Amino acid sequence: QVQLVESGGGLVQAGGSLRLSCAASGSIFSIGTMRWFRQAPGKQRELVAGITSAGSTNYADSVKGRFTISRDNAKNTLYLQMNSLKPEDTAVYYCNADVWSAITGTYRNHWGQGTQVTASS
């Protein structure tokens, strides 16, 4: 059983910053790629940023230069530093990770429960 628990969301004025965390726990042998997604009301869930186990990153064009994804492999924790927040960044942010399953011998994809981020204008 694997759990992903996000924290760090909240309400901030436009131009402000927030740092999201996602802690993975449970039966974990190794974690592959980790990602942040977000979903705004009435919109589809979209990929915000991803990071491989080796540290390679990718970002959605809308957040490049403002958001930074990072991870601490020793703590099985994923982070998202969000600067210069805009009202259009308002959404529920979800953590997503590929976790190695000793049962299936493959990576299995897991989701967190989400954390609300609101940037007010």
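The coordinates are above.
Residues numbered from 1 in each chain as written. Predicted model: local features only at pLDDT ≥ 70, side-chain atom pairs only at ≥ 80, totals over all residues. Heavy atoms only, no water.

Colleague: Could you give me a rundown of the side chain of Arg-35, with the residues and numbers involved?
Modeller: For Arg-35, the location among the structural elements is in strand E4 (residues 31-39). Arg-35 gets classed as buried once you look at its relative accessible area, which sits at 19%. For Arg-35, the side chain forms a polar contact with the side chain of Asn-96, separated by 2.7 Å. Within the local environment of Arg-35, its side chain forms a polar contact with the side chain of Asp-98, the two groups lying 2.7 Å apart. (Helix = DSSP H or I, 4+ residues; strand = E, 2+ residues; numbered from the N terminus. Buried < 20%, exposed > 50% of the residue type's maximum accessible area, 1.4 Å probe, protein only. Polar contact = N/O pair within 3.5 Å; in protein donor to acceptor, adjacent residues only side chain to side chain.)

Colleague: Go over the pairing of strand E8 (residues 77-82) with me, naming the residues and quoting the values.
Modeller: With 5 of 6 residues buried, E8 is to be regarded as a mostly interior element. Pairing of strand E3 (residues 18-26) with E8 involves 6 bridges; the strand directions are antiparallel. In the strand pairing of E8, Ser-21 is matched with Tyr-79. Strand direction decides the pairing type here: strand E7 (residues 67-72) and E8, joined by 6 bridges, are antiparallel. Paired with Asp-72 across the two strands is Thr-77, which belongs to E8. Hairpin connection from E7 to E8: 4 residues lie between these consecutive antiparallel strands, with Asn-76 at a positive phi of about 50°. (Pairing = 2+ DSSP bridges.)

Colleague: Which residues make up the state of the cysteines, and what values do they have?
Modeller: Per the counting criterion, the structure on display carries 1 disulfide. What pairs with Cys-22 in a disulfide is Cys-95, and their sulfur atoms sit 2.1 Å apart. Across the S-S bond of Cys-22 and Cys-95 the torsion is about -75°, and the bridge reads as left-handed. Of this pair, Cys-22 sits in strand E3 while Cys-95 sits in strand E9 (residues 91-101), and the two are 73 residues apart along the sequence. The class for Cys-22 is buried, based on a relative accessible area of 0%. (Disulfide = S-S within 2.5 Å.)

Colleague: How would you explain the packing of aromatic side chains if you had to name every residue and give the values?
Modeller: For the structure shown, the criterion picks out 3 aromatic pairs. Ring geometry for Tyr-94 versus Trp-111: centroids 6.4 Å apart, planes at 85°, classification edge-to-face. One end of the pair, Tyr-94, is in strand E9; the other, Trp-111, is in strand E10 (residues 106-111), and 17 residues separate them in sequence. Overall, the relative accessible area of 14% leaves Tyr-94 in the buried class. With relative accessibility at 38%, the residue Trp-111 sits in the partly exposed group. A centroid spacing of 5.1 Å and a plane angle of 80° characterise the contact between Trp-100 and Tyr-107, whose relative ring orientation is edge-to-face. For Trp-100, a relative accessible area of 27% puts it in the partly exposed group. Each residue in the set Phe-37, Tyr-94 and Trp-111 is aromatic and connected to the rest through ring pairs, giving one cluster. If you follow Arg-45 out to its NZ or CZ, it ends over the ring of Tyr-94, 3.7 Å from the centre. We note Arg-45 situated over the ring of Trp-111; from NZ or CZ to the ring centre the distance is 4.7 Å. (Phe/Tyr/Trp six-rings, centres within 6.5 Å; stacked < 30°, edge-to-face > 60°. Lys NZ or Arg CZ within 6 Å of the ring centre and 35° of its normal.)

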